[in-house]
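Each chain is listed here by its residues.
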Amino acid sequence: MDFPGYNCFVDRDKMDATIQDLGPKELSCTELQELKQLARQGYWARSYTLRGKVYQRLIRDIPCRTVTPDASVYSDIIGKIVGKHSSGSLPLPEFVDNTQVPSYCLNTRGEGAVRKILLCIANQFPDVSFCPALPAVVALLLHYSIDEAECFEKACRILACNDPSKKLIDQSFLAFESSCMTFGDLVNKYCQAAHKLMVAVSEDVLQVYADWQRWLFGELPLNYFARVFDVFLVEGYKVLYRVALAILKFFHKVRAGQPLESDNVKQDIRTFVKDIAKTVSPEKLLEKAFAIRLFSRKEIQLLQMANEKALKQKGITVKQKRQFVHLAVHAENFHSEIVGVKEMRDIWSWVPERFALCQPLLLFSSLQHGYSLTRFYFQCEGHEPTLLLIKTTQKEVCGAYLSTDWSERNKFGGKLGFFGTGECFVFRLQPEVQRYEWVVIKHPELTKPVSLESTTILSSPCHSVSSDPADRLSPFLAARHFNLPSKTESLFMAGGNDCLIIGGRLPAHQAGLLSALGHLAWEEGMGSWVAEAPGQLLLSQVVGTSPEGQAEPL
């Protein structure tokens, strides 16, 4: 494809000021690994001509359904769909969810062409029910297409991708919302300082993270979005998570210690992204994104599937239109003798997103059930995950998130044996807030990833093992993905007939698997928890999750 110059949809002055056409004109490499490096380095980013050729090539190579609309289909249907309407007055399809069409460097004719293309896509893809990212994708592709029909064909190929291992763009609210939940999980793991800020300034942090795709597909300036899209076409969806995490890290770095510009953190982040050129270059943004040590694409896919399953259990379907999904802790239906609503929201924000949607349900309280370990097990078995809250006579407040059913202890015949997953963590709220996770989360260099092909898959710690990957309770930090000397190095729960341990009391060679001092233990008949400060136990409660109904008072 030879471009004599910019196409008729581009404002030449805006384009020259945004992306100068100074780079190479040809690309000869065919190896994926080399192509990946060139995309990250921005090899074709400074050449309008070459970027158009590369987009054409990469999108042509996307595996698609047998019947995928092409340029000729657009020519056949455009007249019937648009009719006598002027392109500027055309309505947008419902699936874009009132998303504004970014103009980037398009002229008036280009802006109208985007609307026409979107309407034709809606005609050919009735199964697409929610896709707010599509206007930005079409607008970008139109900059690098000969005409509307070619742009339509490119967008259709992206939507029609049928490679299950190559997710490109969310096309239903179920997929979109599970992606938002997955992003929230990733922020919780990899951007803890930023996550702490989000929790402090917003009542519902999930609604902040639900905006993450808009940062990329709408707010990013064209030269930034095009660089992200270059790598996205080569490497896939995981790139989007990386860049959004990098944006959040830069936002926190710039705004840490400063008052927010408004009482709406969502709007503040949008403004920051729109003006991101004041803070960081496209090269530095991508450099930051690829410096984040994310877990494997397979792990993220499993986490996304688990989040989709949680949403389906709340009644959300593939055909669902926009619906607000909130964190489940609300002032009107929550009461505890140990923590307040604000503290519980902080704790709930640490819990994996798929469980944070559920209502908290009281399972055990020392005020009601006493201090018997047998009674503790009786009340808690059959529930996973659970949250333990503890208050001592010295007013320390601490606890633990427990990923696995306590009934797993029965496999050890009454003896003390470790189980659970790397999602377990312990925490304290008083005298200061601190969460203690598996150190591998922050220091993955302590272990080496093991390829799934060469690793024996361990049974999931559930009542029954399912062949459905989404049924695995904790796909995110399973020990099987790490080259650990012993599988017990990621198992942080132990319960016997006379004591239980959470997070520690491991042999010396396993020290440091949870961050320092992250340890709780209970000994039958002693009436005390071994924690950071060995105060006498005053109150303890265990909270489970209930997907239906209102929360019971704690």
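As recorded in an unreviewed UniProt entry, the protein goes by the name TBC1 domain family member 24, listed as coming from Physeter macrocephalus. Here is the UniProt Function (unreviewed entry) comment for the protein, exactly as written: "May act as a GTPase-activating protein for Rab family protein(s). Involved in neuronal projections development, probably through a negative modulation of ARF6 function. Involved in the regulation of synaptic vesicle trafficking." Under the Subunit (unreviewed entry) heading, UniProt states for the protein: "Interacts with ARF6."

Draft legend 1. Structural view of helix α11 (residues 212-219). Among the eight residues that make up α11, six are buried, leaving the element largely enclosed by the rest of the structure. Buried within α11 are the following residues: Trp-212, Gln-213, Trp-215, Leu-216, Phe-217 and Glu-219. Its buried side turned inward, α11 meets α6 (134-143), α8 (173-190), α10 (205-209), α12 (222-235), α13 (238-255) and α14 (265-274).

Draft legend 2. Quick look at the nonpolar core. Residues Trp-44, Ile-121, Leu-134, Ile-158, Trp-212, Phe-229 and Ile-247 are the most contacted members of the largest nonpolar core, which totals 123 residues. Take this core: its biggest share by element is eleven residues, from α13. Leu-134 has contacts with Phe-95, Leu-118, Ile-121, Leu-159 and Ile-169, leaving out every residue within four places of it along the chain. Formed by 23 residues, the second largest nonpolar core is a distinct cluster that contains Tyr-377, Leu-402, Val-426 and Ile-502.

Draft legend 3. Spotlight on the packing of aromatic side chains. One pass over the full model with this rule turns up 28 aromatic pairs. Grouping aromatic residues by their ring pairs yields a cluster made of Tyr-6, Tyr-48, Tyr-55, Tyr-104, Tyr-144, Phe-217, Phe-225, Phe-229 and Phe-232. The ring of Phe-290 has Arg-40 lying over it, and the distance from NZ or CZ to the ring centre is 3.7 Å. A cation over an aromatic ring shows up here: Arg-409 above the ring of Tyr-377, its NZ or CZ 3.6 Å from the ring centre.

Draft legend 4. Representation of unusual backbone geometry. Put simply, Glu-384 and Pro-385 share a cis peptide bond, and its omega is -5 degrees. As for its placement among the helices and strands, Pro-385 is situated in the loop between α20 (373-380) and β2 (386-392). In the Ramachandran plot, Tyr-104 falls in the positive-phi region, its phi being about 50 degrees despite a non-glycine side chain. Within the secondary structure, Tyr-104 is located in the loop between α4 (71-82) and α5 (108-124). Under the relative-accessibility criterion, Tyr-104 is labelled buried at 13%. If you check the backbone angles, Lys-395 has positive phi at about 70 degrees while not being a glycine. As for its placement among the helices and strands, Lys-395 is situated in the loop between β2 and β3 (397-402). Judged by its relative accessible area of 64%, Lys-395 falls in the exposed class.

Draft legend 5. Quick peek at the packing of α11 against α13. Between α11 and α13, the shortest axis-to-axis distance is 9 Å and the interhelical angle comes to 95 degrees. By the angle between their axes, α11 is roughly perpendicular relative to α13. Taken together, the residues of α13 that come into contact with α11 (itself represented by Trp-212, Trp-215, Leu-216 and Phe-217) are Leu-240, Tyr-241, Val-243, Ala-244, Ile-247 and Leu-248. Classifying every residue of the contact of α11 with α13 gives ten nonpolar, no polar and no charged.

The rules behind each value
- For every chain, the first residue of the written sequence is number 1, and numbering continues from 1 along that sequence.
- Totals for whole chains, interfaces and linings use every residue, but because this is a predicted model, local features are given only for residues with pLDDT of at least 70 and side-chain atom pairs only at 80 or more, for both listing and counting.
- No hydrogens and no water enter the side-chain calculation; it runs on all heavy atoms of the structure.
- UniProt positions are given in the numbering used here, feature names are shortened, and annotations may be inferred rather than shown by experiment.
- A 1.4 Å probe rolled over the protein chains alone gives each residue an accessible area, and that area as a share of the maximum for its type sets the label: buried under 20%, exposed over 50%, partly exposed in between.
- Secondary structure follows DSSP: runs of H or I at least 4 residues long count as helices, runs of E at least 2 residues long count as strands, and numbering of each begins at the N terminus.
- In what follows, a contact means two residues having at least one pair of non-hydrogen atoms within 4.5 Å.
- Residues belong to one nonpolar core when they are buried, are Ala, Val, Leu, Ile, Met, Phe, Trp, Tyr or Cys, and are joined through side-chain atoms within 4.5 Å.
- Two rings belonging to Phe, Tyr or Trp (six-membered ring only in the last case) form a pair when the distance between their centres is within 6.5 Å. Interplanar angles under 30 degrees mark stacking, angles over 60 mark edge-to-face geometry, and anything in between is tilted.
- Here, over-ring charges are defined by two tests on the NZ atom of lysine or the CZ atom of arginine: distance to the ring centre within 6 Å, and angle to the ring normal within 35 degrees.
- The axes used here are C-alpha line fits, helices contributing only the stretch in contact, and every angle between their N-to-C directions lies in the interval 0 to 180 degrees.
- Roughly parallel here means an angle under 35 degrees, roughly antiparallel means over 145, roughly perpendicular means 65 to 115, and every remaining angle is called oblique.
- For this scheme, ten residues count as nonpolar: Ala, Val, Leu, Ile, Met, Phe, Trp, Tyr, Cys and Pro. Four count as charged, namely Asp, Glu, Lys and Arg, and the remainder, Gly too, count as polar.

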